[in-house]
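Coordinate inspection notes
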Amino acid sequence: MKGEAPSVPECYISEHEGFYGTIKNSTRDFIVTEIDIHGQMVTKPSVSDVPQSSSIIEACPGAKSERKKNIISPKHQHNLKEEKCTPVVKDVDSEPGPGQNGDITSTPSQDCFDLSLILGQSVCEELEQFTALLREASSPNDGVEKKLANQESSNGSEKKMANQELSLGSFPDKHQRANVHRAVRHNFPFLLTVTNQSEIRVKEDPDFKLLSGLVSEEEAEDFFRFIDTKMPNSVYTFRGDDSKEHRTAVHHFLSRRFGKLVETKSFSDQQQKTTAITVRLRGKGKPRKRMADDSKGEEVYTAFTLRKENLETLEATSYMAAVLGVLPSDFTYAGIKDKRAVTYQSMVVKKISPQRLREKASEFEKRGMVLSSVRSVPEPLHLGRLQGNHFDLVVRDLRPHQGHDTLMELDSLVQEAVENVKVRGFVNYYGPQRFGTGQSVQSDSVGLALLKEEMVAAVHLFFTPEEGDDPQSVAKRHFLQTYNAKEALSLMPMSKARERLMLRALHRYGTGPEGCTRAWLSLPHGMRVFYPHAYCSRVWNEAAAHRLTTLGDRARQGDLVWKQRGEEGIEMGEPSLPQIHVVTAAEEEEEVYSLGQVVLPMLGSSVKYPENPVGGWYQERLARDGLQSCRFRVTPLKLNLPGCYRPLLAIPRNLTYRLEQGQRAGERQQESNGKSPQASGAVPQHPGADTTRPAGLERQKGGESVQGDGEGKSAVQYPDTDTPSLTLNFDLDSSCYATVCLREVMKCDP
């Protein structure tokens, strides 16, 4: 799809001229505050959240200062708040469960197993060197026949390494110790972790060595990860083995070492004509009978408001999980917020008391996170449980599209543009961040390949490098040139979790169709489904542009609209969820519905398409991409896309704006944040400002305000070195994009 139309079409609902400008010059030029389901903003932005020309404070101050020595003595107290670590961006939540049949469906999150985050980069590197030495010492046995007796006898070098231990440091907090144990075992299944008081040491696991002599090393790693999940009744299946004598040796080893934890059986596959060993983790026995409400009292949930700056939501939860000793999946939230911004959102964490969360608050502040409104709640948050978001934005370096050289002329352009969007709204496109801005191959191209079940092609698209020699592009380029996943993995930065998961699976299972399928399965479900959703979002954007250019700005026959409760055909006693209705010819003639009520389907297996030319366009569009018979199920990846409906238009609420000098915009934002005007939807007015229109456009010069009422002209010229800035404050419904709203206002990409 490279070279096709832009992911966000240039089709608008209003016809004003627009203007140029830039956004996100600073993260504090873009402030996002979540609005809960009750219509209340989750917090009032602090006075410090003000756009300013000074550089942004580093999220991890002192990141380049001296680090601890890799070999840590037992006396050293290892504490995350002392470790000056560089922030690590994480894109995924978890690795899939081991086992060839994928029976394990909810393993711990991969972010929780990031050793560079938990131990610090220096200790992590020392651990990798230690494991490399262990592997080198074991290499002489690679060619020996794999029998249990041979594995129990070692050569001199193996004995020497078997006695070697490495100290990871001292961890006073038991939650940290538990997290270190889990992370080390997950990343290096052949290691054994031992605690001596608060110190954690690692050494070679003799049981792993014995099992890897009976089965492949990859199977041994997967099996030990399977054991560490401790999920009752979960199942792991080894590869087929036609040797009964060999299967008996494996059964005996598993029974002798893990007999209290597992039960093993051999099952024959008549189609494959092979026999394989299946291992099931034993259950914990029949639970006692309890009241229906007992389970609620056993869980501890703590809610808080998170303020983060220049951090992805997943990155923030990963770091907090590592510090608290829980999984990132223990954090729940209503929505994911922008990275390059200051954002406020509600979160709930499981298993952590309010007191413990407050104790760790100072550590979070070092990474650009501030917690407030910490309190106990009875249940977690659910995705989508919000009304929308409030935005406080500054658009800087305003310039007209054509030759307007006075402030009042620019004032007139801005007023017309903002008033049009305030009244008519904007086309509800998915924003460019949905597709991966600045990438040579966008996410929707990968999604199309996955929907067509072209797994190898999807992997190649995923690893298409950007121009340049940054480490990520170098690693991707090396993989596509050599197909050596192991070498590419060594080149890939530790922060690129998605790429590393894929490369690890490609190294383990190969680069053929089956290996590429396993590589996609190594990503958590939420990340796998992101790519097909990106393709569906692109088609929706194109459908919206086609609908507007061909059928105009009225609800037409065959359009789909929301039919709310209380309308004809829907009883008041029925659930309040809206239903989909097809506009009739009579309803079009009588203009029963407006364009704002029209919805378009997001591609999926359970949606209804418009009964007019737009419906035919959908079918032609799918056929053009070879998806005319697509059921929107990717069975090999366990993905199902039922589809949904998205309003064609979105309208900002409580919209106010102000035009002023660039520096003055920061001062106004400071006043706004200090007085928290968002609670009432108002923006502080400069003395003498015209209050008959929103915010009163004004120009600040020499300490005086120059008002513009749109009726006269101002002789004030704005110099190129101090171009005006536009401050905007508005609310949007959930899943609507502020950048798309700005495109409608400005008639260009901000």
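Since the model is a prediction, treat every value here as computed from it, not as a measurement.

The rules we used
Residues numbered from 1 in each chain as written. Predicted model: local features only at pLDDT ≥ 70, side-chain atom pairs only at ≥ 80, totals over all residues. Heavy atoms only, no water. Pairing = 2+ DSSP bridges. Helix = DSSP H or I, 4+ residues; strand = E, 2+ residues; numbered from the N terminus. Axes fitted to C-alpha atoms, helices over the stretch in contact; angles between N-to-C directions. Contact = heavy atoms within 4.5 Å. Core = buried A, V, L, I, M, F, W, Y, C linked by side-chain atoms within 4.5 Å. Buried < 20%, exposed > 50% of the residue type's maximum accessible area, 1.4 Å probe, protein only. Disulfide = S-S within 2.5 Å. Parallel < 35°, antiparallel > 145°, perpendicular 65-115°, else oblique. Left-handed = near helix turned anticlockwise from the far one by under 90°. Expected span 1.5 Å × (residues − 1). Phe/Tyr/Trp six-rings, centres within 6.5 Å; stacked < 30°, edge-to-face > 60°. Lys NZ or Arg CZ within 6 Å of the ring centre and 35° of its normal. pLDDT = per-residue confidence, 0-100.

A closer look at the sheet that holds strand β20 (residues 644-647)
A sheet is described by the order of its strands in space; here four strands give the open sequence β16-β15-β17-β20, paired in antiparallel fashion. On the outer flanks of this sheet lie β16 (579-582) and β20, each paired with one strand and no other. Between one strand axis and the next, the sheet turns by 50° as a mean value, whatever way the strands run. Here helix α21 (residues 530-551) sits on the sheet in contact with β17 (598-602) and β20, set at roughly 145° to β17.

Section: the side chain of Asp 330
Here Asp 330 shows up in the loop between α10 (313-324) and β10 (331-333). Look past the residues within four positions of Asp 330 in its chain and what remains in contact with it is Val 348, Val 349, Lys 350 and Lys 351.

What to know about the sheet that holds strand β3 (residues 166-170)
The strand order across the open sheet built from three strands is β3-β5-β4, with neighbouring strands paired in antiparallel fashion. Each having just a single partner strand, β3 and β4 (191-196) make up the two edges of the open sheet. For this sheet, the mean angle separating the axes of adjacent strands, direction not counted, is 25°. Direction of pairing for β3 relative to strand β5 (residues 199-204): antiparallel, over a ladder of four bridges. Paired with Gly 169 across the strands is Ile 200, a residue of β5. Lying on the sheet, helix α5 (residues 174-187) is in contact with β3, β4 and β5; it crosses β4 at an angle near 165°.

Brief notes about the nonpolar core
Core analysis: the largest hydrophobic core is formed by 101 residues, its most contacted members being Trp 520 and Tyr 618. Sort the elements by how many residues they give to this core and α21 lands first, with 10 residues. Contact partners of Trp 520, with chain neighbours within four places excluded, come to Val 446, Leu 450, Met 455, Ala 458, Val 459, Phe 462, Met 502, Arg 528, Tyr 531 and Leu 637. Val 123, Leu 168, Phe 253 and Phe 331 belong to the second-largest nonpolar core, a separate cluster that totals 62 residues.

So, the state of the cysteines
Linking two cysteines covalently through their sulfur atoms gives a disulfide. Counted under the stated rule, the structure contains zero disulfides. Of all cysteine sulfurs, the one in Cys 630 lies closest to Cys 536, which takes part in no disulfide; the gap is 8.0 Å. Judged by relative accessible area, which is 1%, Cys 536 ranks as buried. The closest cysteine sulfur to the non-disulfide-bonded Cys 741 is located on Cys 736, 9.2 Å from its own sulfur. Given the relative accessible area of 2%, Cys 741 is considered buried.

Quick word on the pairing of strand β2 (residues 30-35)
Where burial is concerned, most of β2 is hidden: six out of the six residues are buried. Burial of the side chains of β2 extends over both faces: Phe 30, Val 32 and Glu 34 are buried on one face and Ile 31, Thr 33 and Ile 35 on the other. As paired strands, β2 and strand β13 (residues 388-400) are joined by six bridges and run antiparallel to one another. Looking at β13, one finds that Phe 30 is bridged to Leu 393. The pairing of β2 with strand β11 (residues 342-350) spans three bridges and is parallel. Bridging across to β11, Thr 33 finds its partner in Tyr 344.

Digging into the packing of helix α15 (residues 455-462) against helix α19 (residues 513-521)
Helices that pack against each other are described as a pair by the angle of their axes relative to one another and the distance between those axes. One can describe the packing of α15 onto α19 by two numbers: an axis separation of 8 Å at closest approach and a directional angle of 60°. When the interaxial angle is binned, α15 and α19 end up oblique. As for the relative orientation of α15 and α19, their crossing is left-handed in sense. Contacts between α15 and α19 involve Met 455, Val 456, Ala 458, Val 459 and Phe 462 from the former and Pro 513, Cys 516, Thr 517 and Trp 520 from the latter.

A few points about helix α18 (residues 497-509)
At 3.6 residues per turn, the α-helix brings residues three or four places apart onto the same side. Counted at 1.5 Å a residue, the expected span for α18 with its 13 residues is 18 Å, and the 18 Å between its end C-alpha atoms agrees. Counting buried positions over the 13 residues of α18 gives 11, a clear majority of the element. By the burial criterion, the buried members of α18 are Ala 497, Arg 498, Glu 499, Arg 500, Leu 501, Met 502, Leu 503, Arg 504, Ala 505, Leu 506 and Arg 508.

With respect to the environment of Ile 13
Relative to the elements of secondary structure, Ile 13 occurs in the segment before β1 (19-22). A sequence separation of 408 residues divides Ile 13 from Val 421, and the C-alpha atoms of the two residues are 8.6 Å apart. Setting aside chain neighbours within four positions, we find Ile 13 in contact with Arg 424, Gly 425, Phe 426, Val 427, Leu 548, Asp 553, Leu 595, Leu 649 and Glu 744.

Here we look at the packing of aromatic side chains
Enumeration over the complete set of coordinates arrives at 28 aromatic pairs. Between the aromatic rings of Phe 224 and Phe 258, the centroid separation amounts to 5.9 Å while the plane-to-plane angle is 80°, which identifies the pairing as edge-to-face. You can see Phe 224 sitting in helix α7 (residues 217-229) and its partner Phe 258 sitting in helix α8 (residues 244-258), a full 34 residues away along the chain. By way of ring pairs, the aromatic residues Phe 188, Phe 190, Phe 208, Phe 223, Phe 224, Phe 226, Tyr 236, Phe 238, Phe 253 and Phe 258 are connected into one cluster. Stacked on the ring of Phe 30, the Lys or Arg Lys 24 has its end atom at 4.3 Å from the ring centre. Its guanidinium or amino end placed over the ring of Phe 462, Lys 476 lies 5.8 Å from that ring's centre, counting from NZ or CZ.

Considering unusual backbone geometry
A positive phi angle, near 60°, is found at Asn 310, a position not held by glycine. Mapped onto the fold, Asn 310 is located in the loop between β9 (301-309) and α10. By relative accessible area, Asn 310 is classed as partly exposed at 33%. The phi torsion at Asn 654 lies on the positive side, around 55°, for a residue other than glycine. You can call Asn 654 partly exposed: its relative accessible area is 46%.

Topic: the confidence of the model for the protein
Scored by pLDDT, the protein has a mean of 75; 72% of the residues are at 70 or more. For residues 286-297, every residue scores under 50 in pLDDT, and the model assigns this stretch four contacts once sequence neighbours within four places are set aside. Every residue in residues 670-721 scores below 50 in pLDDT, and together they form 119 contacts with partners more than four places removed in sequence or on other chains.

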